[in-house]
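Per-entry structural report
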Amino acid sequence: MSNASLITQFLLLAFADTRELQLLHFWLFLGIYLAALLGNGLIITAVACDHRLHTPMYFFLLNLSLLDLGSISTTVPKSMVNSLLETRAISYAGCVAQVFLFIFLMSAEYFLLTIMAYDRYVAICKPLHYGTLLGSRACAHMAAAAWGSGFLYAVLHTANTFSIPLCQGNAVGQLFCEIPQILKLSCSDAYLREAGLLMVSGFPFLGCFAFIVLSYVQIFRAVLRISSQQGRHKAFSTCLPHLAVVSLFISTGMFAYLKPPFISSPSLDLVVAVFYSVFPPSVNPLIYSMRNQELKDAL
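Residues numbered from 1 in each chain as written. Predicted model: local features only at pLDDT ≥ 70, side-chain atom pairs only at ≥ 80, totals over all residues. Heavy atoms only, no water.

In the annotation of an unreviewed UniProt entry, the protein chain is listed under the name Olfactory receptor and assigned to Cochlearius cochlearius. Turning to the protein chain, the UniProt record has this under Sequence similarities (unreviewed entry): "Belongs to the G-protein coupled receptor 1 family." Under the Subcellular location (unreviewed entry) heading, UniProt states for the protein chain: "Cell membrane". (UniProt positions renumbered as here; feature names shortened; annotations may be inferred.)

Below you can see the structure in the form of structure tokens.
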């Protein structure tokens with residue numbers, strides 16, 4: 001990559017200027033990180049070890065927990081180490097790896113959430129065809145497609161971003177390396193190439209969003225046609241955790257990347273980054289286990 005000989009490291013945004021606040025940041029993020037490891041680790045263990053949970057819904061949930069573990073491990077540990085050691089530095093290779101892994105895992109998670117919406121649609125709207133449409137082989141292929149699509153998406157954008165000449169210094173205005181902050185360091189209008197690619201590649205994401213919305217429209221219509229109140233409650237209870245996770249994921253991501261420039265500031269960007277990169281992986285296990293008796297029993 002052309003920038004490797006010019007920039008050897010980047011400087012991440014410091015959480016605070018005083019030593020006390022840096023240590024507070026370290027301990028706070030350590031607690032969140034351990035909670036995310038524990039919650040997602042318990043779900044992975046429960047689904048893997050309990051044969052009662054060997055169903056499509058829990059198979060996709062296991063994949064979601066793996067992606068959550070990966071995404072929070074990509075950003076939080078480096079930020080914690082920097083606060084503990086009072087440094088802002090991250091190597092060029094480390095920054096490239098962080099951008100690649102973050103895009104890979106977050107994109108794969110979005111595609112997987114779309115698949116999980118399809119799973120809920122089939123379970124409620126086409127229950128007699130559930131075993132046929134979502135057999136073990138079909139589930140494995142869909143999960144592999146989500147992971148593979150995220151990987152290709154990450155390769156494309158990481159290679160394109162770091163091939164752009166950077167001449168605006170090496171200070172990244174964020175807790176971790178991400179494409180919008182790297183593009184701010186680009187020379188003149190060189191960033192337009194990646195910006196155009198982001199716009200074009202955004203269409204699959206819009207397609208996934210439309211698919212999720214349409215799926216839940218059909219789900220709610222089917223649930224409202226259920227005559228018994230107990231049946232409606234059971235159907236809603238299987239959908240609400242996924243709907244909550246999707247809403248949290250999309251709302252925080254949209255606010256982070258689509259907010260108007262005039263309300264952007266370093267402190268606001270910092271808070272938003274925590275909400276969309278740290279908060280969902282920590283909260284998702286709680287959302288899924290709170291109203292799920294089968295998962296509670298397995299745990």
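Read on, since the account is not over.
Concerning the side chain of Gln98
Examined against the element boundaries, Gln98 turns out to sit in helix H3 (residues 92–125). There is a polar contact of 2.8 Å between the side chain of Gln98 and the backbone nitrogen of Cys177. Not counting residues within four places of it along the chain, the set of residues in contact with Gln98 comprises Thr74, Thr75, Lys78, Ile90, Phe176 and Cys177. (Helix = DSSP H or I, 4+ residues; strand = E, 2+ residues; numbered from the N terminus. Polar contact = N/O pair within 3.5 Å; in protein donor to acceptor, adjacent residues only side chain to side chain. Contact = heavy atoms within 4.5 Å.)

Observations concerning the nonpolar core
One finds Phe10, Phe60, Leu64 and Phe162 to be the most contacted residues of the largest nonpolar core, which totals 86 residues. In terms of residue count, H3 provides more of this core than any other element does, 20 residues in total. Excluding anything up to four places from it in sequence, Phe60 contacts Leu112, Ile115, Met116, Asp119, Leu134, Cys139, Met142 and Ala143. (Core = buried A, V, L, I, M, F, W, Y, C linked by side-chain atoms within 4.5 Å. Buried < 20%, exposed > 50% of the residue type's maximum accessible area, 1.4 Å probe, protein only.)

Topic: the packing of aromatic side chains
In total, this model carries 19 aromatic pairs according to the counting rule given. Centre to centre, the rings of Tyr110 and Phe249 are 6.0 Å apart; their planes meet at 15°, and the pair counts as stacked. Of the two residues, Tyr110 sits in helix H3 while Phe249 sits in helix H8 (residues 229–258), which places them 139 residues apart along the sequence. Aromatic pair Tyr118 and Phe211: ring centres 6.4 Å apart, planes at 40°, arrangement tilted. (Phe/Tyr/Trp six-rings, centres within 6.5 Å; stacked < 30°, edge-to-face > 60°.)

Focus on empty space enclosed by the protein
With the rule as written, the count across this model stands at one cavity of 30 Å³ or more. The computed volume of the largest cavity comes to approximately 50 Å³. Lining the largest cavity are Phe29, Thr75, Val76, Ser79, Leu175, Phe176, Ala273, Val274, Ser277 and Val278. Listed by contribution, the elements that provide at least two residues to the lining of the largest cavity are helix H2 (56–85) and helix H9 (266–277). Split into classes, the residues belonging to the lining of the largest cavity amount to seven nonpolar, three polar and no charged. (1 Å grid on protein atoms, 1.4 Å probe; cavity = no way out; pocket = protein on both sides within 12 Å on 5 of 7 lines; lining within 4 Å. Points joined across faces, edges and corners; volume = space filled by probe spheres on them. Nonpolar A, V, L, I, M, F, W, Y, C, P; charged D, E, K, R; others polar.)

Quick word on the layout of surface pockets
There is about 620 Å³ of room inside the second largest pocket. Those elements that provide at least two residues to the lining of the second largest pocket are H2, H3, H8 and helix H11 (293–298). Ranked by the residues each element gives to the lining of the second largest pocket, the list is headed by H8, at seven residues.

Quick word on the packing of H2 against H3
The interhelical angle for the contact between H2 and H3, taken along N-to-C directions, is 160°, at an axis separation of 9 Å. In terms of orientation, H2 and H3 fall into the roughly antiparallel class. Taken as a pair, H2 and H3 cross one another with a handedness that is left-handed. (Axes fitted to C-alpha atoms, helices over the stretch in contact; angles between N-to-C directions. Parallel < 35°, antiparallel > 145°, perpendicular 65-115°, else oblique. Left-handed = near helix turned anticlockwise from the far one by under 90°.)

Considerations on the state of the cysteines
The full count for this structure, using the stated rule, is one disulfide. Between the sulfur of Cys95 and that of Cys177 lies a disulfide, 2.1 Å long from S to S. The sign of the S-S torsion, about -120°, decides the handedness of the disulfide formed by Cys95 and Cys177: left-handed. Taken together, the residues span a long stretch of sequence, with Cys95 in helix H3 and Cys177 in the loop between helix H5 (136–161) and helix H6 (179–183) at a distance of 82 residues. A relative accessible area of 0% places Cys95 in the buried class. Looking at Cys125, it has no disulfide partner, and the nearest cysteine sulfur is the one in Cys239, 8.4 Å off. You can call Cys125 partly exposed: its relative accessible area is 27%. This cysteine, Cys208, is not joined by any disulfide, and Cys139 carries the nearest cysteine sulfur, 17 Å off. (Disulfide = S-S within 2.5 Å.)

Overview of the pattern of salt bridges
Counting across every chain of the model gives three salt bridges. Among the salt bridges present, the one from Arg19 reaches Glu86, with a minimum N-O distance of 3.9 Å. Of the two residues, Arg19 is situated in helix H1 (residues 19–49) and Glu86 in the loop between H2 and strand E2 (89–91); the sequence distance between them amounts to 67 residues. Two residues, Asp50 and Arg52, come together in a salt bridge whose shortest N-O distance is 2.8 Å. (Salt bridge = Lys/Arg side-chain N within 4 Å of Asp/Glu carboxyl O.)

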